[in-house]
Amino acid sequence: QVQLVESGGGLVQAGGSLRLSCALSGSRFSRYAMGWYRQAPGKQRELVAAITISGSTNYADSVKGRFTISRDDVKNTVYLQMNSLEPEDTAVYYCNAKRLYSGIETWGQGTQVTVSS
């Protein structure tokens, strides 16, 4: 059974940085495209950043130039480096894994990121 465990959330002042981590267990990490989503109170969950199996990335317009997604296939972990954080980035951040070929998705439990002004 595939499991995702996120870490790295917390409270930070505007302009600060955080790095989120998401470790995958129970399957071969290299078979999954990975993504980070977020959901703010009263809003729909939205894609923040994604990285394919080959390492190609894409970002929401609101985070381009500030956030960087990366993956380590040895550590079975995907990261989200968040710089120049803004209060609007406050949300619960969720890790997502999409299995190659089947498209089956797995979600992490979420980690809270709060940016104070």
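Placed above this text is the structure.
Quick caveat: nothing in here was measured; it's all calculated off a predicted structure.

Visitor: What exactly am I supposed to notice about the overall build of the protein here?
Guide: Summing up its helical and strand segments, the protein has 0 helices and 11 strands in all. Scanning the protein from its N terminus toward the C terminus, one meets helices and strands in the order β-β-β-β-β-β-β-β-β-β-β. The globule rule puts the C-alpha radius of gyration for 117 residues at 13 Å, and the 13 Å found for the protein is close to it. Expressed as a percentage of the 117 residues in the protein, the buried residues total 38%. With an accessible surface of roughly 6,300 Å², the protein has 47% of that area assigned to carbon and sulfur atoms. In the protein, 12 positive and 9 negative side-chain charges are present, and the distance between their average locations comes to 8 Å.

Visitor: Sorry if this is basic, but what is going on with the state of the cysteines here?
Guide: By definition, a disulfide links the sulfur atoms of two cysteines through a covalent bond. This structure, assessed with the given rule, holds 1 disulfide. Cys22 shares a disulfide with Cys95; S-S distance 2.1 Å. Taking the torsion about the sulfur-sulfur bond, which here is approximately -85 degrees, the covalent link between Cys22 and Cys95 counts as left-handed. Pair noted here: Cys22 is in strand β3 (residues 18-25) and Cys95 is in strand β9 (residues 91-99), with a separation of 73 residues, a long-range link. There is no split in this pair, since Cys22 and Cys95 are both buried.

Visitor: Help me understand the sheet that holds strand β1 (residues 3-7) in this model?
Guide: Whenever strands of a sheet pair, they do so through backbone hydrogen bonds, lying parallel or antiparallel. Strand order in the open sheet made by the 4 strands is β1-β3-β8-β7, with antiparallel pairing throughout. Of all the strands in the sheet, the pair left with one neighbour each is β1 and β7 (67-72). Across the sheet, the mean angle from the axis of one strand to that of its neighbour is 15 degrees, orientation sign disregarded.

Visitor: In this structure, what is going on with unusual backbone geometry? I would like to understand it.
Guide: Leaving glycine aside, a negative phi is the common case for residues, and trans is the common case for peptide bonds. If you check the backbone angles, Ser84 has positive phi at about 50 degrees while not being a glycine. Structurally, Ser84 is set in the loop between β8 (77-82) and β9. Although it is not a glycine, Tyr101 adopts a positive phi angle of roughly 75 degrees. Owing to a relative accessible area of 79%, Tyr101 belongs among the exposed residues under this scheme.

Parameters at a glance
For every chain, the first residue of the written sequence is number 1, and numbering continues from 1 along that sequence. It should be noted that, the model being predicted, local features are given only for residues of pLDDT at least 70 and side-chain atom pairs only at 80 or more, the latter also being counted only at that level, while totals for whole chains, interfaces and linings use all residues. For side-chain calculations, the full set of non-hydrogen atoms in the structure is used, while hydrogens and water are omitted. Where helices and strands are cited, they refer to DSSP runs of H or I of at least four residues and of E of at least two residues respectively, numbered from the N terminus. As a reference, a globule follows 2.2 Å times the number of residues to the power 0.38, and the radius of gyration itself is taken over C-alpha atoms. Exposure is judged per residue with a 1.4 Å probe applied to protein chains only, and the accessible area is read against the type maximum: over 50% gives exposed, under 20% gives buried, and values in between give partly exposed. Each accessible area is a Shrake-Rupley estimate made with a 1.4 Å probe; only the visible protein chains count as cover when residues are assessed. We count Lys and Arg on the positive side and Asp and Glu on the negative side, and we leave His and both chain ends out. Charged side chains are reduced to one point each, which is NZ for Lys, CZ for Arg, CG for Asp and CD for Glu. We call a pair of cysteine sulfur atoms a disulfide whenever their separation is within 2.5 Å. Any two strands are treated as partners once DSSP identifies two or more bridges connecting them. Inter-axis angles, ranging from 0 to 180 degrees, are taken between N-to-C directions of lines fitted to C-alpha atoms, where helices are fitted over the stretch in contact.

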